[in-house]
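Architecture and fold: a report
The residues making up each chain are set out below.
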Amino acid sequence: MTHADTTDPTVPAPYDPATVETRWQQRWAERGTNTVDLDGAPNPFYALMMFPYPSAEGLHVGNLFAFTGSDISARFRRQQGYQVFQPLGYDAFGIHSENYALKIGAHPMELTPKNIANFQRQLERAGLMVDWSAKVDTSHADYYKWTQWVFLQLYKQGLAYKKAAAVNWCPTDKTVLANEQVENGLCERCGTAVEQRFLEQWFFKISSYAERLLNNLDSLDWSTITKQAQRNWIGRSQGAEVVFPVDAHDVTVRVFTTRADTIFGATYLVLAPEHPLVDAVTVDEQRVAVQAYQDVTQRQDVIARKSVKHKTGVFTGAYAIHPATGARIPIWIADYVLMEYGTGAIMAVPGHDERDFEFARAFGLPIVRVVAGAEHDASTPFGDAAYTDDAGGRLVNSAQFDGLPVIDAKTKVTRWLEDHKHASAVINYRLHDWCISRQRYWGPPIPIIYCDACGTVPVPESQLPVELPFIPDFKPDDSGVSPLARHEEWARVPCPTCGKPARRETDVSDTFLDSAWYFLRYPSATNSTVPFDAARTKKWLPVNSYIGGNEHAVLHLLYSRFVTMVLHDGGHIAFDEPFTRFRAHGMIIRDGAKMSKSKGNVINPDVYMEEWGADAFRMYLMFLGPYEEGGDFRDQGISGVRRFLDRLWATVRDLSTEGAPDIDVMRKQHRTIKKVGEDSGSLAYNTAIAAMMEYLNVVRRGDRTAHRDEVLPLVQMVAAYAPHLAEECWAALGHSRSVFDAGWPTLDPTMLVDDEVELVVQVNGKVRGKLRVAVDVTQDAALAAAMADEGVARFLVGEVRKVIFVPKRLLNVVVG
RNA sequence: ACCCGGAUGGCGAAACUGGCAGACGCGAGGGACUUAAAAUCCCUUGGCCGCAAGGCUGUGUGGGUUCAAGCCCCACUCCGGGUACCA
């Protein structure tokens, strides 16, 4: 086979992707094409893609779709003159790997390197512009040493604490799950119903960053859906905490409400069954019923508790004093009030809250109207629903507040309650502290030592890493303690402070902690003395462009932001948001359905890259739909993209250097440069590819021989999409350096202006003709030309009432 | 239930800021080349009426605004995602 780098500048025929791709992958590795000078880059650009979990099944087509889109964006930036750093690594710790190892009877410490090697092979085959010298593997001690360091920083800053808490326990995976890992009361991984258990857990105080996590969103260049998902998750609600004294007791019930304006409609209170005041206020006659109800609730698993059903509850026999009216109102307990939100108690306003309405109807409690819509008055009865509209209503049955619009009443009633010491304005968040303890094996041991004399002692940074030992029996059991706790020889250590015998923490940390800081590690991946080098961090961070799946819109992205803020506050970094720009890619489905092993419609990328070539496969993935929306993978579609590459190849092979390029082709070329440039920058890859196809069709129209100048920029444009083929063509056209160092083709704006345009002529809004006119044609001249056109003229019956003229586009004549 | 998306030919999809709906590709039909097939190339391809010229109609449904609506407004249906007894 002849070579591109020989003196003979011809491309061998026909296009054989396997040869071309192998050749260029070797050359890139030899020449260091994909590595960047991390210390010297004058114009740095950090392009990050979410790193994969290296599953045993190998690279999923969804991974490749995500990575290819990110790769194109990075390659395009490089062509724009940036030194682009695009690293990739492996999120190798976690339940996924551990469960799979258990299933096939292997050990994760042996299995993970094999999986990584397989992923590595597939990723290299795909031809990504990844700087592999900066690879990270979260399960390697060189990495998790620093994950443990991150834990210690949180500890030092008072943001890591331990508490006994009701946690979500998965009886199948035998582990604690974060709230975020529970879906509808089911374990996100295995689908088992989650139970409640009480365990001592390590938590991070993410809730104290809630306001900052929320406010910073406004200044981030992120997709709106992602920002909205974070806002919802943080769940800020502004309201009031109202104090209700309990009649005949020396205690008060504090309730949280966002509808202080409806306080005159509060006809009873409800406590969560596990509320600490229940025992104190319950009267003797109700004690048996109350305790029975508490027992039932406690035994319920989380799904039963939280799935919507008919309302249940029990009267405590106690009464509270209404702070505004002085009335005695009954205190109930019911499982629809949740201990973990607000104060675990509510004032029930059945007239204006659906749940309270349902409860009041079920137990015959009074329902009072305190908000009237335009169609109501103070005594309009309720139908079968509460009136919850808070936009248009006015207060009624609310003493001095009658007649106030709800919007004003919210602040006025709250202020009045505050003035009389019945309430205080508060802000509540749905966001809970982050439980990071896992009673599991495959993760970084939490670097804490318990000493009888000194208490909880953090492992000194100089003693990191706390290595995860190789133990054959890593399987969790239902004792609630980590498998590591069964290994006394590992768990027993001298106290770092006093030297007396002490014990290690035997829980490992959540995988989400591994991934909450990995972007900081890449530029310093080979540095063994610090987690991240100050100068490199300053040069490369925050990340310029982050691309990943929206399934991480909440957890991973929120935790990364939190950890970044903490490290900023601890003086380790100068920025407090990690990702300047984030875009979520869509999902690839197949034949209209989600890909899954059970449906047998999973795509193995190896097979397609083998048959069509990595370039064609990459390009097809990008062509099948808008990158940010995803698309439907169909086997048939890939041939169209491959045909385009074949034609491009043949065009380069057969081109001419004689004479001058065609002016109309060159005009089209500059339009294409503009379009492909804009689309590549905004991730509109499908339309960028369409534009390149369109241009090639013009270049080859009528079987003409293309001129070199017509084709050269197309090779540059296609490079980010089909990098191997582009390099081969570029070399064949006489270049010795990589096409990625050749920049982006120059756009000549004068080539974009036409002297003539096609003007659409409408009569009464219907197209009746098209005219070629000068770009700067006047309305009068255009109208005259239109009237002279017989196709138009025959519709011009009656008097001309109006003429609309949009320069360069259309002329609409209204007659009749 | 709530919060985001979305609905366009046989299929995947385009359409900038309201200005020619269907770019680009797949598939299909026809033709060229070939002993033949594959590959390649050319033509046609939203629907209806028409020999044709041409006309009518068409972007989930019903209404509205406008000279002009896939795009804006109101009401609704269906699909996808997220959250979910959050007070």
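See above for the structure.
Reading the values: the criteria
Residues numbered from 1 in each chain as written. Chains lettered and ligands numbered in written order. Predicted model: local features only at pLDDT ≥ 70, side-chain atom pairs only at ≥ 80, totals over all residues. Heavy atoms only, no water. Core = buried A, V, L, I, M, F, W, Y, C linked by side-chain atoms within 4.5 Å. Buried < 20%, exposed > 50% of the residue type's maximum accessible area, 1.4 Å probe, protein only. Helix = DSSP H or I, 4+ residues; strand = E, 2+ residues; numbered from the N terminus. Contact = heavy atoms within 4.5 Å. Salt bridge = Lys/Arg side-chain N within 4 Å of Asp/Glu carboxyl O. Axes fitted to C-alpha atoms, helices over the stretch in contact; angles between N-to-C directions. Parallel < 35°, antiparallel > 145°, perpendicular 65-115°, else oblique. Pairing = 2+ DSSP bridges.

This paragraph deals with the nonpolar core. Counting 169 residues, the largest nonpolar core has Trp-434, Phe-617, Met-619 and Met-692 as its most contacted members. If one sorts the elements of this core by residue count, helix α22 (residues 685-700) sits on top with 10 residues. Those residues in contact with Met-692 that sit more than four places away from it in its chain are Met-619, Phe-644, Thr-672, Val-676, Leu-714, Met-717, Val-718 and Tyr-721. Formed by 51 residues, the second largest nonpolar core is a distinct cluster that contains Val-278, Val-290, Met-347 and Leu-395.

It is worth spelling out the pattern of salt bridges at this point. Counted by the stated rule, this structure contains 33 salt bridges. For Asp-741, the salt bridge goes to Arg-78, with nearest N and O atoms at 3.0 Å. Here Asp-741 is found in the loop between α24 (723-732) and β30 (756-763), whereas its partner Arg-78 is found in helix α2 (residues 61-79), with 663 residues between them in sequence. Looking at Asp-741, the relative accessible area reads 37%, which means it is partly exposed.

Turning to the packing of helix α7 (residues 224-234) against helix α17 (residues 555-569), a few remarks are in order. Interaxial distance between α7 and α17 falls to 10 Å at its minimum, and their mutual angle equals 75°. Regarding the angle of α7 to α17, the classification is roughly perpendicular. Along its contact with α7, which presents Thr-226, Gln-230, Trp-233 and Ile-234, the element α17 presents Leu-555, Leu-557, Leu-558 and Arg-561.

An order of β10-β9-β17 is seen for the three strands of this open sheet, with the pairing classed as antiparallel. Because the sheet does not close on itself, it has two edges, and the strands there are β10 (252-257) and β17 (423-428). Ignoring strand direction, the axes of neighbouring strands in this sheet form an average angle of 30°. As judged from the six bridges shared by strand β9 (residues 237-245) and β17, these two strands associate in the antiparallel manner. From the neighbouring strand, Gln-238 faces β17, where its bridge partner is Ile-427.

What follows is about the environment of Gln-400. Structurally, Gln-400 is set in the loop between β16 (394-395) and α12 (406-419). Sequence-distant contacts of Gln-400, that is, excluding residues within four places in its chain, are made with Phe-264 and Trp-416.

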